[in-house]
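Residue-level structure breakdown
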Amino acid sequence: MHAELQLDNQVCFRLYTATRLITQAYTPILTALGITYPQYLVLMVLWEKDEQPVCDIANRLLLETNTVTPLLQRMEKLGIVIRKKGDKDKRQQIVSLTPKGKALEEEAYAKIPSGMGEQLSACPLKQADYLHLAKELDSIIETLKK
């Protein structure tokens, strides 16, 4: 057997597993808020800057617009966002938070950092370690998205 093909030697497996388990840890908190993890990602983008074109949201999340559009449609049905045609370009869809979507930011802030912190409290990593890890992952992401 080739060592390069052993599961224990794969960084990708660790990234995949960590991502899956972190998303799983978020699920009960997000379910209580009435949203999914992908919806949470969209909301974070809109909480940073409201009223964005679908393509900008997709770019920020490193997703295709055809992945983001059905997600936005479900969010619109939930009353979290609204979509309207762009003023300058009618082909463009602009996504905005509703009052319900804006209110979710405070609910998320009250529940998510503490909830995730509690779940990760047994992990020996410190805040600085997570920040360093985020920078390292950003390097991988930047390299692979080119």
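**As for the side chain of glutamine 39**
Mapped onto the elements of the fold, glutamine 39 is located in helix H2 (residues 37-48). Residues within four places of glutamine 39 in sequence aside, it is in contact with Gly34, Leu71, Arg74, Met75 and Leu78.

**Observations concerning the pattern of salt bridges**
In this structure the tally under the stated criterion is four salt bridges. With a shortest N-O distance of 2.9 Å, glutamate 76 and arginine 83 are connected by a salt bridge. Accessibility expressed as a relative area gives 26% for glutamate 76, which makes it partly exposed.

**Notes on the sheet that holds strand E3 (residues 93-97)**
If you trace the three strands from one edge of the open sheet to the other, you get E1-E3-E2, paired in antiparallel fashion. Each of the sheet's edge strands pairs with one partner strand only, and the pair in question is strand E1 (52-53) and strand E2 (81-85). In the sheet, E1 pairs with E3 via two bridges, with the strands oriented antiparallel. Paired with glutamine 52 across the strands is valine 95, a residue of E3. On the sheet, helix H4 (residues 65-77) packs against E2 and E3 and is oriented at approximately 120 degrees with respect to E2.

**Topic: a nonpolar patch on the surface**
Side chains of Val11, Leu15, Ile140 and Leu144 sit close together on the surface and give an oily, nonpolar patch of about 370 Å² of accessible area. Put simply, the parts of the chain that give the nonpolar patch at least two residues each are helix H1 (11-33) and helix H6 (127-144). Here isoleucine 140 is to be found in helix H6. Isoleucine 140 sits in the partly exposed class, given a relative accessible area of 36%.

About the cut-offs
Residues numbered from 1 in each chain as written. Predicted model: local features only at pLDDT ≥ 70, side-chain atom pairs only at ≥ 80, totals over all residues. Heavy atoms only, no water. Helix = DSSP H or I, 4+ residues; strand = E, 2+ residues; numbered from the N terminus. Contact = heavy atoms within 4.5 Å. Salt bridge = Lys/Arg side-chain N within 4 Å of Asp/Glu carboxyl O. Buried < 20%, exposed > 50% of the residue type's maximum accessible area, 1.4 Å probe, protein only. Pairing = 2+ DSSP bridges. Axes fitted to C-alpha atoms, helices over the stretch in contact; angles between N-to-C directions. Patch = residues over 30% accessible without salt bridge, like charges linked within 9 Å, V, L, I, M, F, W, Y side chains within 5 Å. Areas by Shrake-Rupley, 256 points an atom, 1.4 Å probe, with all protein chains shown as cover.

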